[in-house]
Amino acid sequence: MTKLIPLSMIVALTITKYRTANIIFGFIGMAILRFPLWLNKKCSFWKLMGSGKDAQVDLAPDFKHWAIITIWENKSDCDDFYKNSFPIKWFRFFGKEEFTIFLNPLTSHGLWSGIEPFKINKNSKLTTGKIAVITRAAIKFNKVKEFRDNIKRAAVSMRNAPGFILSAGVGENPYFDQATFSIWEDAESMKNYAYKSFDHADVIKLTRERKWYSEELFARFEIIDCRGTLNGQAIKI
């Protein structure tokens with residue numbers, strides 16, 4: 001895969017599976033880990049998130065899987081966070097499986113909590129290799145049931161799409177603020193699913209017609225590095 005230099009920023013996503021006996025510490029972590037993140041001035045954006053069952057997109061909340069996304073201006077600050085920070089040490093102490101991926105933003109449209117979190121280097125252009133995608137939406141309260149009635153078929157279609165490698169569903173709170181992270185063999189595979197899959201295209205159409213979201217974001221990324229496993233699955237880049 002062609003690497004893009006210079007990097008506009010480093011986006012890091014970690015999904016940890018807690019041991020069953022430690023599930024309570026997942027909830028506690030969502031509360032207390034906010035403080036060191038708030039105090040870390042080198043981190044330009046962060047979110048602590050839960051996940052769907054087995055970290056999947058279309059299933060009910062799973063209290064074993066928890067996630068953290070952070071954004072850094074340089075590799076040194078990111079590396080220091082993963083070596084020395086209290087939040088990462090917490091995840092590793094109570095967890096039994098960790099998946100971490102480091103990303104370089106290629107394109108981004110929309111808002112997350114009212115801001116544009118991903119800076120794009122105008123010279124960045126991925127020509128070959130695997131690609132990662134984050135889609136995030138804040139779902140209106142009166143649209144949650146309608147959304148959930150339709151999202152399952154899009155998620156199943158994604159997992160069966162040619163070129164699909166891995167996906168995870170995460171979010172700041174169950175049902176209302178949800179993000180989908182996915183990895184694809186190449187940009188063409190991702191585009192074929194996004195624009196040519198009937199189920200996904202139909203859900204996007206319904207999204208626009210019925211105005212399910214109060215806020216949404218779509219971003220694509222180059223994969224810089226990937227470590228660990230998610231449900232036993234490792235990713236080679």
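Here goes a summary of the coordinates provided.

Parameters and conventions
Residues numbered from 1 in each chain as written. Predicted model: local features only at pLDDT ≥ 70, side-chain atom pairs only at ≥ 80, totals over all residues. Heavy atoms only, no water. Core = buried A, V, L, I, M, F, W, Y, C linked by side-chain atoms within 4.5 Å. Buried < 20%, exposed > 50% of the residue type's maximum accessible area, 1.4 Å probe, protein only. Helix = DSSP H or I, 4+ residues; strand = E, 2+ residues; numbered from the N terminus. Contact = heavy atoms within 4.5 Å. Phe/Tyr/Trp six-rings, centres within 6.5 Å; stacked < 30°, edge-to-face > 60°. Axes fitted to C-alpha atoms, helices over the stretch in contact; angles between N-to-C directions. Parallel < 35°, antiparallel > 145°, perpendicular 65-115°, else oblique. Nonpolar A, V, L, I, M, F, W, Y, C, P; charged D, E, K, R; others polar.

**Side note on the nonpolar core**
- Counting residues in hydrophobic clusters, the biggest one holds 30 residues, and the most contacted among them are Ile101, Phe181 and Ile183.
- Mapped onto this core, the elements with two or more residues apiece are strand 1 (10-18), strand 2 (43-52), strand 3 (61-72), strand 4 (95-110), strand 5 (131-139), strand 6 (164-173), strand 7 (177-184) and strand 8 (213-228).
- If you tally residues by element for this core, the top one is strand 8, at 5 residues.
- Beyond its immediate sequence surroundings of up to four residues, isoleucine 101 is in contact with Val11, Ala12, Leu13, Phe181, Ile183, Ile223, Asp225 and Cys226.
- Listed in part, the 20 residues of the second largest apolar core include Leu37, Trp90, Phe91 and Phe94.

**Side note on the packing of aromatic side chains**
- Inspection of the entire model under this criterion finds 18 aromatic pairs.
- Seen from their ring centres, phenylalanine 93 and phenylalanine 94 are 5.0 Å apart, and the 90 degrees between their planes marks the pair as edge-to-face.
- Taking the relative accessible area as the measure of exposure, phenylalanine 93 reaches 62% and is therefore exposed.
- A residue is classified by how much of its surface remains accessible, and phenylalanine 94, at 10% relative accessible area, is buried.

**Quick notes on the packing of helix 1 (residues 23-32) against helix 4 (residues 86-94)**
- One can describe the packing of helix 1 onto helix 4 by two numbers: an axis separation of 11 Å at closest approach and a directional angle of 180 degrees. Looking at the two axes, helix 1 sits roughly antiparallel to helix 4. On helix 4, the residues touching Phe25, Ile28, Gly29 and Ile32 of helix 1 are Phe86, Trp90 and Phe94.
- Class assignment of the residues belonging to the contact of helix 1 with helix 4 gives a composition of 6 nonpolar, 1 polar and no charged.

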